[in-house]
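A structural walkthrough
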Amino acid sequence: MTTTTTPQLALTRIFDAPRTLLYQEFTDPDLLAAWWGPIGNSLPRDEIEFDVRPGGHQRWTEVSAADPRIRVHVRFDLTQVVDGELLDGTMHVTGQLPEGFEPFETRVRLEFHDEADGRTRLEVRQWLPEHLASPSDQGWREAFTKLDAALAA
Amino acid sequence: MPERPSGDLDLLFGALADATRRGIVERLALGEATVTELAAPFSISLPAISRHLKVLERASLITRSRHGRWRRARLSPTTIASAATWLSRCERLWVERFGRLDEHLARLASQEPASLPETKTKRGKR
């Protein structure tokens, strides 16, 4: 995995919840299953298995309500875990994926930061899978903008 | 709203930071071409064009194939498009998740504190 490069996807969102609760939303099986989605999907409780620690993992299956044959298996192998603050690892997505999405693995990093008034800032970082990024995995996103501009010039 | 990632853009920006190479990319957007065809609009030598093509190739912006004695260059739109599609798709998934998480937090907040899950402080410790 390209673990030292800059993430190609960076999202920031502030939630109206204390940090410990927001962290639980990602690390408690019952809580994650209640909102993770995608919309219309269910996460069968008996296929959720969490072992949240450095070197541990989170596993679950997303089952499409519209087409139960579409079953996506997610395994998040955790390399860095700081209780209430950080989840970082490689997410393996396999199984029967919807509409042409190929199985992939991608590094994902979730940081939980305190904000004023008991709110929490979530920082999501995600890296392009190797097969999409290789051989030049840097700054694709900005490059598209540049390329568009160059083509339009 | 999502922020733009900042990154080390050496390879791609380096490749696109040159007016001649951008011209070559523009030309290739219309279809593949030989070195001679690519050189036509520019007042530079064929070896110079070849060097520019090497830079673009190294940045994975183009690929080159050999047909007989002519090497033809073409843009690599699939690489670019598939990476772009994948990223925008992932971004959309996250934004949707954030919306559902907001709603779930609101549902939790409207419930009795007693129905909140216990804090599992010892969870996952070795």
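The structure reproduced in this document is the subject of the present report. This structure is a prediction, so every number in the text was calculated from the model and none was measured. (Residues numbered from 1 in each chain as written. Chains lettered and ligands numbered in written order. Predicted model: local features only at pLDDT ≥ 70, side-chain atom pairs only at ≥ 80, totals over all residues.)

**Let's talk about the overall build of chain A**
Looking only at helices and strands, chain A features four helices and eight strands. Shown N-terminal to C-terminal, the secondary structure of chain A runs as helices and strands in the order β-α-α-β-β-β-β-β-β-β-α-α. The proportion of buried residues among the 153 residues of chain A is 29%. Considering only contacts within chain A whose residues lie at least 6 apart along the sequence, 44% involve residues at least 24 apart. (Helix = DSSP H or I, 4+ residues; strand = E, 2+ residues; numbered from the N terminus. Buried ≥ 20, exposed ≤ 12 C-beta atoms within 10 Å, placed from the backbone. Contact = placed C-beta atoms within 7 Å.)

**Brief notes about the pairing of strand β8 (residues 120-126) of chain A**
Residue and element names in this part refer to chain A. Covered by surrounding structure in β8 are Thr120, Leu122, Val124 and Gln126 only, the residues Arg121, Glu123 and Arg125 on the alternate face being uncovered. By the bridge criterion, seven bridges tie strand β1 (residues 9-15) to β8 in an arrangement that is antiparallel. When the sheet's bridge partners are listed, arginine 13 is paired in β8 with leucine 122. Where strand β7 (residues 104-114) and β8 come together, seven bridges link them in antiparallel fashion. The partner of valine 108 across the bridge, within β8, is glutamine 126. The hairpin turn running from β7 into β8, its antiparallel successor, is five residues long, and aspartate 117 in that turn takes a positive phi close to 60°. (Pairing = 2+ DSSP bridges.)

**Examining the sheet that holds strand β3 (residues 70-75) of chain B**
All names here are of chain B. In spatial order, the strands read β1-β3-β2; together these three strands make up an open sheet with antiparallel pairing. Taken across any chain shown, the strands that pair with only one partner, and hence form the sheet edges, are β1 (33-34) and β2 (62-67). Taken together, the two bridges between β1 and β3 define a ladder with antiparallel strand orientation. Following the sheet pairing, alanine 33 is matched in β3 by alanine 73. Sheet contacts for helix α2 (residues 19-29): β1, β2 and β3; angle to β3, the most-contacted strand, approximately 90°. Against the sheet, helix α4 (residues 46-58) touches β2 and β3, its axis set at about 120° to β2. (Axes fitted to C-alpha atoms, helices over the stretch in contact; angles between N-to-C directions.)

**What to know about the environment of A:Thr27**
Residue and element names in this part refer to chain A. Looking at where threonine 27 falls in the secondary structure, it is placed in helix α1 (residues 19-27). By C-beta crowding, threonine 27 is classed as buried, having 21 other C-beta atoms within 10 Å. Along the sequence, threonine 27 and aspartate 83 sit 56 residues apart, while their C-alpha atoms lie 9.6 Å from each other. The residues touching threonine 27, leaving out its near neighbours within four places in the chain, are Phe50 and Val52.

**Focus on the pairing of strand β4 (residues 57-64) of chain A**
All names here are of chain A. Sheet topology places strand β2 (residues 41-42) next to β4; two bridges connect them, and they run antiparallel. By the bridge assignment, asparagine 41 is partnered in β4 with serine 64. One ladder, built from three bridges, connects strand β3 (residues 49-51) with β4; its direction is antiparallel. Across the sheet, glutamate 49 pairs through a bridge with arginine 59, a residue of β4. Two successive antiparallel strands, β3 and β4, enclose a turn made up of five residues, where glycine 55 displays a positive phi of approximately 85°. For β4 and strand β5 (residues 71-82), the ladder comprises seven bridges, and the chain directions are antiparallel. Looking at β5, one finds that glutamine 58 is bridged to phenylalanine 76. Hairpin connection of β4 to β5: six residues between the antiparallel strands.

**A look at unusual backbone geometry**
All names here are of chain A. Along the chain, glycine 37 connects to proline 38 via a cis peptide bond; the corresponding omega equals 0°. In this fold, proline 38 is placed in the loop between α2 (29-35) and β2. The backbone of aspartate 117 sits at a positive phi, close to 60°, despite the residue not being glycine. Here aspartate 117 shows up in the loop between β7 and β8. For aspartate 117, a count of 6 C-beta atoms within 10 Å translates into the label exposed.

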